[in-house]
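# Inside the fold
The primary structure of each chain is shown beneath.
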Amino acid sequence: MRILNRLLIQSTFRYHYRTNTVKAQKKSNTFNLEYDPIKQTIIYPPELLINNKNYPTDSWTNVNPHILSRLGQNLHRQKNHPLYHLTNRIRQYFYQQKDPRKQSPKFSIIDNLSPIVTVQQNFDSICTPNDHVSRTKSMNYYINKDTLFRAHTSAHQVDLIRSGLNAFLCIGDVYRRDSIDPTHYPIFHQCEGVQLFNKEELFMENRNVRGEKDNLQIFASNEYRDATKQEGHTLEAVKLVEASLKQTITDLFKTLFPNAATLNSRWIDATFPFTHPSWEYEIEIDGKWYELLGCGIIEQSVLENSGLGKDYIGWAFGLGLERIAMIMYGIPDIRLFWSTDSGFLSQFQFEDSTRPVQYKPVSAYPQCINDLSMWMNKTRIDPLDLYDLVRSIGGDLIEQVLLIDEFYHEKKDKHSQTYRIIYRSMDRTLTKNEINMIHKDIENHCQKQFDVEIR
Ligand code: FA5
Ligand code: MG
């Protein structure tokens, strides 16, 4: 009954919505979002009070109570949470890397920056073009046109470099409107890694046969960019930085996965506005490839924004922590990270984070599948808008949403889409009746919000 109540509140967005408070901080966020039953949209007040700060709302505001309720939980800092153990292990690995001159740890670790950032931090500072798709309202949770929940920990790169750090990790929660399936969730955690090198650090080991230092350079006056390098970089500098990056990442995974030697992994060429060249690292489990991170050689213009463009070159990566923890511990579904069920949490109650654990399912409850087919009266629905609406109403009872059919009917001059919504609770069997109520609620919201006819 309690869960049903919670769902009904979520589905109507109507009442005071209180986040789980972090007791240590003694902070709480109260959101008084009203819901317009005719337009079926959230009515935002002129200002939202989040973490004791007032933010004006505007036409960009699209945060929802499900997202706001998760703010400040900081799973990566919650003792004995699987993400806490994983970040401890990543910390240990990086702490072992010493600065050769000072014999102190090379990497600083920052894990407590607020997830509320400016558009400047999340996009402009790392050279994301103004028309880049990653900026859209459909992909992010905006508080207003200038402020959003960070979509990645890369939002802090420039500030941290500017503050004087040459090698660091930045760990935190990130927020995205994304597809819904067992490996995607609108809030997840990332660990950013950055290391910069000046000429001396990069070419330190390279001496010629007479023991003299090679006259190798990071920068050259070449103006071309190709698949292997940015304009202005020498190929030898780029290759050394690439080797350091890939070595760091593969060594990390060797320490995290004891069976790493038997796992297939691969580097895929990728594109990010803030690195070039760029890669993604994937690992194969039971015949399926899982993307664990994105990385690359930092765009020199990002370093220029940080005040270090002249002498330094560097690499950066961004790991998805849930994906790694799912593989490390055999956790089958990303929603489990938010579970407060003692059957889940008790399996991670131990001090030594290096302890190998294989998660044992508390029990597998049955799935319940309902399809949602609709004719669109106007424009085609952006699936990301639909996913957000379904997650807002169904909360964590939604396991997956798939767009299974889409076509355009010429005679009717209408688009049609069919989504398959898979419901499953992590901790109990759902009744058909309960699912039907939620499904009906989703249909009603779709009809009004997107102007569609349910088929
Ligand atoms: C980024 O976020 C880049 N900022 C990474 C980066 C950093 C590239 C520094 C270059 C330099 P991407 O969107 O691919 O990239 O996300 C990085 C990782 O986060 C993914 O590889 C994946 O492991 C994880 N991830 C992405 N979306 C989700 C999601 N919805 N749920 C869970 N994990 C996700
Ligand atoms: Mg990616």
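In this text, all values refer to a predicted model and were calculated from it rather than measured experimentally.

Our next topic: the packing of aromatic side chains. Taken as a whole and judged by the stated rule, the model has 17 aromatic pairs. Ring geometry for Trp375 and Phe407: centres 5.7 Å apart, planes at 90°, overall edge-to-face. A residue pair is termed long-range when its members are at least 10 positions apart, and Trp375 in strand E17 (residues 368-376) and Phe407 in strand E18 (residues 398-409) qualify at 32 residues. The class for Trp375 is buried, based on a relative accessible area of 10%. By relative accessible area, which is 31% here, Phe407 ends up partly exposed. Feature note: the residues Tyr93, Phe94, Phe107, Trp315 and Phe317 constitute an aromatic cluster, connected by ring pairs. Its guanidinium or amino end placed over the ring of Tyr224, Lys229 lies 4.1 Å from that ring's centre, counting from NZ or CZ. Against the face of Trp375 rests Arg455, its NZ or CZ located 4.5 Å from the ring centre.

For the magnesium ion (ligand 2), the full set of protein donor atoms is Glu280 (OE) and Glu291 (OE), and the range of their distances to it is 2.3 to 2.5 Å. Of the two residues, Glu280 sits in strand E14 (residues 275-285) while Glu291 sits in strand E15 (residues 288-298), which places them 11 residues apart along the sequence. The exposure class of Glu291 is partly exposed, given its relative accessible area of 32%.

For helix H7 (residues 235-256), built from 22 residues, the straight-helix expectation of 32 Å at 1.5 Å per residue is met to within 8% by its first-to-last C-alpha distance of 31 Å. Regarding H7, the residues found buried are Ala237, Val238, Val241, Glu242, Ser244, Leu245, Lys246, Thr248, Ile249, Leu252, Phe253 and Leu256.

The next subject is the sheet that holds E18. Pairing is antiparallel in the open sheet, where 4 strands are placed in the order E18-E19-E17-E20. The sheet is open, and its two edges are formed by E18 and strand E20 (452-454), each paired on a single side. Averaged over all adjacent pairs, the angle separating strand axes in this sheet is 25°, with direction ignored. Sheet analysis places E17 next to strand E19 (residues 414-423), joined by 9 bridges and oriented antiparallel. Among the inter-strand pairings, Asp371 is bridged to a residue of E19, identified as Arg420.

Time to look at the site of ligand 1. Near ligand 1 you find 26 residues, and of these His152, Ser154, Arg176, Asp178 and Glu291 are the closest. For ligand 1, an oxygen atom lies 3.2 Å from a polar atom in the backbone of Leu292. Backbone polar atom of Leu293 to an oxygen atom of ligand 1: 3.2 Å apart, as the coordinates give it. Taking 680 Å² as the accessible area of ligand 1 by itself, protein coverage stands at 94%.

It is worth spelling out the sheet that holds strand E9 (residues 142-144) at this point. One key point about sheets: their strands pair by backbone hydrogen bonds, in either a parallel or an antiparallel sense. Read across the open sheet, the 3 strands follow the order E8-E10-E9; overall the sheet is antiparallel. The open sheet is flanked by strand E8 (116-118) and E9, the only strands paired with a single partner. Taking each pair of neighbouring strands and ignoring which way they run, the sheet shows an average axis angle of 30°. Taken together, the 3 bridges between E8 and strand E10 (residues 147-149) define a ladder with antiparallel strand orientation. For Ile116, the partnering residue across the bridge sits in E10 and is Phe149.

Looking now at the side chain of Glu399. Relative to the helices and strands, Glu399 resides in strand E18. Side-chain polar atoms of Glu399 contact the side chain of Gln367, separated by 2.5 Å.

Attention now moves to helix H12 (residues 432-450). End to end, H12 covers 26 Å across 19 residues, agreeing with the expected 27 Å (1.5 Å per residue, within 8%). Glu434, Ile435, Ile438, His439, Asp441, Ile442, Glu443, His445, Cys446 and Phe450 are the residues of H12 that are buried. The first or second residue beyond H12 is Asp451, which carries a positive phi of 55°.

So, about the confidence of the model for the protein chain. Detailed reading of the predicted model is not advised wherever pLDDT is low. With 89% of its residues at a pLDDT of 70 or more, the protein chain has an overall mean of 88. Here residues 1-28 is a poorly scored stretch, pLDDT under 50, and it has 58 contacts once near neighbours within four places are set aside; other chains count.

Checked against the element boundaries, Ile171 lands in strand E11 (residues 167-175). Each C-alpha atom of the pair Ile171 and Glu192 lies 6.3 Å from the other, and the pair is 21 residues apart in sequence. Contact partners of Ile171, with chain neighbours within four places excluded, come to His76, Thr87, Ile109, Ile110, Asp111, Thr153, Gln190, Cys191 and Leu321.

Our focus in this paragraph is unusual backbone geometry. The linkage connecting His276 with the following residue, Pro277, adopts the cis geometry, with an omega of -10°. Relative to the helices and strands, Pro277 resides in strand E14. Phi is positive for Asn52, which is not a glycine, with a value near 65°. Of note, Asn52 is situated in the loop between strand E5 (47-50) and strand E6 (53-56). Its relative accessible area of 61% is what places Asn52 among the exposed residues. Despite not being glycine, Asn74 shows a phi value in the positive range, around 45°. Inspection of the secondary structure puts Asn74 in the loop between helix H2 (65-68) and helix H3 (82-95).

Cut-offs used in this document
Positions within a chain are numbered from 1, following the residues in the order the chain's sequence is written. Each chain gets a letter, beginning with A, and each ligand a number, beginning with 1, in the order they are written. For this predicted model, a pLDDT threshold of at least 70 governs which residues receive local features, and a threshold of 80 or more governs which side-chain atom pairs are given and counted, while totals over whole chains, interfaces and linings are taken from all residues. Heavy atoms from the whole structure form the basis of all side-chain values; hydrogens and water molecules are not counted. Note on aromatic pairs: the rings of Phe, Tyr and Trp (six-membered ring only in Trp) are paired at centre separations within 6.5 Å, and the planes decide the class, stacked below 30 degrees, edge-to-face beyond 60, tilted for the rest. Helix numbering and strand numbering both begin at the N terminus, where a helix is a DSSP run of H or I of at least 4 residues and a strand a DSSP run of E of at least 2. Exposure is judged per residue with a 1.4 Å probe applied to protein chains only, and the accessible area is read against the type maximum: over 50% gives exposed, under 20% gives buried, and values in between give partly exposed. Definition used: whenever NZ (Lys) or CZ (Arg) falls within 6 Å of the ring centre and also within 35 degrees of the ring normal, the charge is taken to sit over that ring. Only nitrogen, oxygen and sulfur atoms count as donors, using a 2.8 Å cut-off from the metal that widens to 3.2 Å for Na, K and Ca. Water is left out, so coordination shells may look unfilled. Take the number of residues in a helix, subtract one, and multiply by 1.5 Å to get its expected span. Between any two strands, pairing holds if DSSP finds at least two bridges. Lines fitted to the C-alpha atoms define the axes, with helices restricted to the stretch that makes contact. Angles between their N-to-C directions range from 0 to 180 degrees. Here, proximity means that at least one heavy atom of the residue falls within 4 Å of the molecule or strand. Throughout this description, a polar contact denotes any pair of N or O atoms lying within 3.5 Å of each other; where both atoms belong to protein, one of them has to be capable of donating a hydrogen while the other can accept it, and for residues adjacent in sequence the pair is counted only when both atoms sit in side chains. All accessible areas in this document rest on Shrake-Rupley with a 1.4 Å probe, and a residue is counted as covered only by the protein chains that are shown. The predictor's confidence in any single residue is recorded as pLDDT, a number from 0 to 100. The contact definition used throughout considers only heavy atoms, calling two residues in contact when any of these lie within 4.5 Å.

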